[in-house]
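Summary of the model geometry
What follows is each chain in one-letter form.
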Amino acid sequence: FDVRDMSFRHGGDFAGIRQKLPYIRGLGCKAIWISPVFENGRNSYHQYAMRDFTLLDPRLGTLEELRALTSEAHALGMFVVVDVVMNHMG
């Protein structure tokens, strides 16, 4: 981690979350709440600087990976909540 490199961010991507779903479900959780997934500014590490509400941020993964995450969560009896904050634009 280099604090001067603004491309680094907290958290992970869709594939990483998907890998952890069985563990999260095993803890008794029935839902996950993920940060906004829309395209963000390059220096936004927190995902609250949306630039386009119609495109996924490629740093998080692809639409297919998001769909796979959601499908696996549903197969485990879990919900996926996507945080959307309409008044945060970068």
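See the structure printed just above.
Residues numbered from 1 in each chain as written. Predicted model: local features only at pLDDT ≥ 70, side-chain atom pairs only at ≥ 80, totals over all residues. Heavy atoms only, no water.

Counted at 1.5 Å a residue, the expected span for helix α1 (residues 14–26) with its 13 residues is 18 Å, and the 19 Å between its end C-alpha atoms agrees. The sharpest bend along α1 reaches about 45° and sits at Lys 20, with the proline Pro 22 one to four residues further on. Looking at the packing, one finds that the buried side of α1 touches β1 (31–34), β3 (50–56) and α2 (63–75). Of the residues trailing α1, Gly 28 is marked for its positive phi of about 100°. (Helix = DSSP H or I, 4+ residues; strand = E, 2+ residues; numbered from the N terminus. Expected span 1.5 Å × (residues − 1). Bend = angle between axes of the 7 residues up to and from the residue. Contact = heavy atoms within 4.5 Å.)

What follows deals with the pattern of salt bridges. Scanning all chains against the criterion turns up two salt bridges. One salt bridge connects Arg 59 with Asp 57, and the closest N-O pair in it is separated by 2.8 Å. The exposure class of Arg 59 is partly exposed, given its relative accessible area of 25%. (Salt bridge = Lys/Arg side-chain N within 4 Å of Asp/Glu carboxyl O. Buried < 20%, exposed > 50% of the residue type's maximum accessible area, 1.4 Å probe, protein only.)

As a further point, take α2. Taking 1.5 Å of rise per residue, 13 residues should cover 18 Å, and α2 covers 18 Å from first to last C-alpha, within 8% of that figure. The set of residues buried in α2 consists of Leu 66, Leu 69 and Ala 73. The buried residues of α2 all sit within an arc of 60° when viewed along its axis, so they share a single face. What points out from α2, more than 90 degrees from its buried face, is the exposed set Glu 64, Arg 67 and Ala 75. Buried-residue contacts for α2 involve α1, β1, β3 and β4 (79–82). Positive phi appears at Gly 77, one or two residues downstream of α2, with a value of about 80°. (Arc of directions from axis to C-beta.)

Residues Val 82, Val 84 and Met 86 make up a contiguous nonpolar surface patch of about 250 Å² in total accessible area. With respect to the helices and strands, the residue Met 86 is situated in the segment after β4. (Patch = residues over 30% accessible without salt bridge, like charges linked within 9 Å, V, L, I, M, F, W, Y side chains within 5 Å. Areas by Shrake-Rupley, 256 points an atom, 1.4 Å probe, with all protein chains shown as cover.)

This part covers the packing of α1 against α2. Contact pair α1 / α2: the axes reach a minimum separation of 9 Å and the direction vectors enclose 15°. What the angle tells us is that α1 and α2 run roughly parallel. When you trace α1 past α2, the crossing you get is left-handed. Side by side, α1 and α2 meet where Phe 14, Ala 15, Ile 17, Arg 18, Leu 21 and Pro 22 of the first sit next to Glu 65, Leu 66, Ala 68, Leu 69, Glu 72 and Ala 73 of the second. Looking at the contact of α1 with α2 residue by residue, the classes come out as nine nonpolar, no polar and three charged. (Axes fitted to C-alpha atoms, helices over the stretch in contact; angles between N-to-C directions. Parallel < 35°, antiparallel > 145°, perpendicular 65-115°, else oblique. Left-handed = near helix turned anticlockwise from the far one by under 90°. Nonpolar A, V, L, I, M, F, W, Y, C, P; charged D, E, K, R; others polar.)

Let us now look at the environment of Asp 83. Relative to the elements of secondary structure, Asp 83 occurs in the segment after β4. With relative accessibility at 13%, the residue Asp 83 sits in the buried group. Between the C-alpha atom of Asp 83 and that of Gln 47, which follows or precedes it by 36 residues, the distance is 9.7 Å. Discounting residues that sit within four places of it in the chain, Asp 83 has contacts with Trp 33, Ile 34, Ser 35, Pro 36 and Tyr 48.

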